[in-house]
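Analysis of the macromolecular model
The chain contents come next:
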Amino acid sequence: MRWADLLILLPAAWYQLAAFLFAALFHYLCALGHLSLTSRYIFLLAGGCLLAGTAMGSYATLLLIPAVSSVLMFLLVSPAYVHTWVFSLQMCWQTLCHLGLGSLVLESQDTRPAVTLSAIMLLTQKVTSLALDIHEGTVLPQPGQGLLQRALPLCSYLLFFPALLGGPLCSFSKFQAQVMSLGAVPCPLRAVCWRYLGVLVLQVLRAWLEGWLPCMQGWASMGHMWAQALLFRLAYYSQWVLDEALLEAAGFGAAVEHRDLSGHDLWTLETTHRLSVFSRTWNRSTSLWLRRLVFQRCPVQPLLATFAFSAWWHGLRPGQIFGFLCWAIMVEADYRIHPFLSSRATSCVAKLLYRGTTWVFTQLIIAYIQMAVETESFSMLCLLWTSYNSILPLTYGLVLLLLLLFAQKPKQNRACPGLTRLAG
C-alpha cells in the first residue's frame, strides 16, 4: 500500500495524526479537572501555534497575521461594519497568499506552502462565520470583561489545534460551550478508533483502484477519468475522517453541527443520480458556509455567485475557474432536467432506466469537474477541453439552453392574446 500518496495529496494528514496524542492529553486533563477555563483556552491556542510552527515553518506568520488582525477587528470595529471589514481584508490576504505561494505548491516538493494555504482557507471560514454572528447579533460582546479576557477565546477559536489544519466548521458559540463542558464529556475512544479504521478501509480501496488504473489507457478515456476522480474523492474522504477523528479525540465532536462525512453522506455521494444532491452533500460544512455567506445574501444569480466565490476561495487557477463555473451550469441544468425526465418516467422499467442512466451521467460529470479543478496547468486543462469527455457537459449545457427557451415561449404566447384584443 502506497501510504506516501496520502502525504502528496493531503500533506496535513501526518501532522494531524501526530496531534492526536496532544488532543487525547487535553481531553484527559479536562476530564480530571486539572485545567481551568482560561487554561483550556491557552492550551488550545498554544497547541495551535506549536502545530502551525511545526507544519508550516516560517510560513506560519502568514496564518498568524490575519488571525491577530481579525481578533483586533472583532474587538474594535462596530458590529454593523465588522463583517464587511473582516471579509474584505481576509479575502484580500488569502488571494495574495494564493498568488505568492501557488507556484511553490505546484512546483516544490516542500509541503509547507500547501499546508499553509489550506490553513488560511479554513481561517477564512472561521473569521467570516464569526463576523456574521457578530453582525447578526448571535454573538454579543461581554462588557464586563477586559480586553485580554475577550481576546483569548477569540484567538483560541481561530487557532485551536484540533481544527487548525482541517475539520468541519463549528461556530464560535458552540466552541465556547464545548470548552466549558469538556470535563463532563466522556472520552469517545471507540468513535475515534472506528474513524481511524474507516481511514484504513478507504486507503485499501485507493490502493486497489490504483492497481486497476494502468489498465485504463489514455487521458481521454472516460473510465480513466472516472477512476482518477474517484481516487481524489477517496483521498478527500480519508482527510475528512481524520479531521473529525482529531476533533473527537479532543472532545469537540459535539461542537460540530454538520459533519463533512458520515456513512450516510458517503452512500449519498456515490449513489445519487442528482448532481444537485451531490453538491449539497459534498464537504457539507463548507457548502453550508457558502450558502450562508454568499447564496442567501446575493440578490442576483445566487447560484452562479456562490460557485464563482468558491473558485475565488480555492485560488482562482484556470482549472478552478473553469471547473466551478461548469459546476454551476451543471447544477442549474440538473434542477431543470430531472423534473422534466422524472415526470415522463412512469413505468418501473422507465424509472429504472432513468435512474441508472442519470447516475452514470452524474458520475461522469462529477469526474469531469473534479479533474478540471485539480488540473495544475493550463495545457492539461486544454487537453481536457478538447477530449471527448467534454461531450456530456456540453450536452447538459445545450439541454439547459433549450429548456430555458421553451420555458420563455409559453410566457410570450400568453401575452399575445391580450395584445391582439387591445389591437382589435
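Here, every reference points to the structure presented above.
One structure accompanies this document, and this report is about it. (Residues numbered from 1 in each chain as written. Predicted model: local features only at pLDDT ≥ 70, side-chain atom pairs only at ≥ 80, totals over all residues. Heavy atoms only, no water.)

Focus on the environment of Leu-364
Of note, Leu-364 is situated in helix α16 (residues 348-374). Apart from residues no more than four positions distant in its own chain, Leu-364 is found in contact with Met-222, Met-225 and Leu-392. (Helix = DSSP H or I, 4+ residues; strand = E, 2+ residues; numbered from the N terminus. Contact = heavy atoms within 4.5 Å.)

Side note on the nonpolar core
Core analysis: the largest hydrophobic core is formed by 69 residues, its most contacted members being Met-56, Leu-63, Phe-74, Leu-165, Phe-175 and Phe-252. When residues of this core are assigned to their parent elements, the largest contribution, eleven residues, is made by helix α6 (residues 112-136). Phe-74 has contacts with Val-82, Val-86, Val-127, Leu-130, Ala-131, Ile-134, Leu-154 and Leu-158, leaving out every residue within four places of it along the chain. Leu-213, Ala-333, Leu-364 and Leu-381 belong to the second-largest nonpolar core, a separate cluster that totals 47 residues. (Core = buried A, V, L, I, M, F, W, Y, C linked by side-chain atoms within 4.5 Å. Buried < 20%, exposed > 50% of the residue type's maximum accessible area, 1.4 Å probe, protein only.)

Thoughts on the packing of helix α7 (residues 147-159) against helix α8 (residues 172-180)
α8 packs onto α7 with a crossing angle of 105 degrees between their chain directions and a minimal axis gap of 11 Å. When the axes of α7 and α8 are compared, the pair comes out roughly perpendicular. Residue-level contacts link Pro-153, Leu-154, Ser-156 and Tyr-157 of α7 to Phe-172, Phe-175 and Gln-176 of α8. Each residue belonging to the contact of α7 with α8 can be placed in one class, and the counts come to five nonpolar, two polar and no charged. (Axes fitted to C-alpha atoms, helices over the stretch in contact; angles between N-to-C directions. Parallel < 35°, antiparallel > 145°, perpendicular 65-115°, else oblique. Nonpolar A, V, L, I, M, F, W, Y, C, P; charged D, E, K, R; others polar.)

Describing a nonpolar patch on the surface
A contiguous nonpolar patch, built from Trp-194, Leu-197, Leu-200, Val-201, Val-204 and Leu-205 and spanning about 550 Å² of accessible area, is present on the exposed surface. With respect to the helices and strands, the residue Leu-205 is situated in helix α9 (residues 189-212). With a relative accessible area of 41%, Leu-205 lands in the partly exposed category. (Patch = residues over 30% accessible without salt bridge, like charges linked within 9 Å, V, L, I, M, F, W, Y side chains within 5 Å. Areas by Shrake-Rupley, 256 points an atom, 1.4 Å probe, with all protein chains shown as cover. Salt bridge = Lys/Arg side-chain N within 4 Å of Asp/Glu carboxyl O.)

A short note on helix α3 (residues 37-56)
Under the 1.5 Å per step criterion, the end-to-end length of α3 is 28 Å for 20 residues, consistent within 8% with the ideal 28 Å. Buried within α3 we find Arg-40, Tyr-41, Leu-44, Leu-45, Gly-47, Gly-48, Leu-51, Ala-52, Ala-55 and Met-56. All buried residues of α3 project into a common sector of 155 degrees when viewed along the axis, lining one side. Summarising the geometry of α3, the exposed residues directed more than 90 degrees from the buried face are Leu-50 and Thr-54. For α3, the elements touching its buried residues are α2 (13-32), α4 (61-76), α6, α7 and α8. In the segment just after α3, Gly-57 is the residue with positive phi, at about 65 degrees. (Expected span 1.5 Å × (residues − 1). Arc of directions from axis to C-beta.)

Describing the layout of surface pockets
Roughly 520 Å³ of volume is contained in the second largest pocket. Considering the residues around the second largest pocket, the lining is formed by 22 residues, among which Gln-142, Gln-145, Arg-150, Phe-172 and Gln-176 are closest to the centre. The element contributing the most residues to the lining of the second largest pocket is α7, with five residues. A breakdown of the residues in the lining of the second largest pocket according to their chemical character gives 16 nonpolar, five polar and one charged. (1 Å grid on protein atoms, 1.4 Å probe; cavity = no way out; pocket = protein on both sides within 12 Å on 5 of 7 lines; lining within 4 Å. Points joined across faces, edges and corners; volume = space filled by probe spheres on them.)

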